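What follows is the residue order along each chain.
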Amino acid sequence: MSNNNITISTMNVEVIGKNAGLIWQALAAADAMGIKQLKKVTKLKDKETFAALGWLAREGKIAINVDDEDEKEFIVSLVQE
């Protein structure tokens, strides 16, 4: 959506779902990752990352835990089904 040469990005269910898929694939390949690392690997922005993590958490697909080495960081992993 554009308005006077200003681009406005819209996050909808389709975009959030696609981003959730990127995060799921990254976690499947690496077992567990910090949020900073997930953002780097997937090239997603903060809002995109957190919306996708919320999607996956709501579906029960991921576990989010505080990093033992850095209490300001979270470690995300896939839930074993």
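This structure is a prediction, so every number in the text was calculated from the model and none was measured.

> What is the right way to look at unusual backbone geometry in this model?
Leaving glycine aside, a negative phi is the common case for residues, and trans is the common case for peptide bonds. A positive phi angle is found at Asp31, which is not glycine, with a value near 80 degrees. With respect to the helices and strands, Asp31 occurs in the loop between α1 (13–30) and β3 (32–34). Take Asp31: its relative accessible area is 56%, and that puts it in the exposed class. Residues other than glycine seldom take positive phi values, yet Lys43 does so here, at roughly 60 degrees. By the element assignment, Lys43 lies in the loop between α2 (35–42) and α3 (46–58). When its relative accessible area of 71% is taken as the criterion, Lys43 is described as exposed.

What counts and how
What you see as residue numbers is a count from 1 along each chain, following the sequence as written. For a predicted model such as this one, the threshold for reporting local features is a pLDDT of at least 70, and the threshold for listing and counting side-chain atom pairs is 80 or more; totals across whole chains, interfaces and linings nevertheless cover every residue. Side-chain figures throughout are based on the complete set of non-hydrogen atoms in the structure, without hydrogens or water. Only DSSP runs of H or I reaching four residues or more are called helices, and only runs of E reaching two or more are called strands; each is numbered from the N terminus. Accessible area is worked out with a 1.4 Å probe on protein chains only. A residue is then buried under 20% of its type maximum, exposed over 50%, and partly exposed in between.

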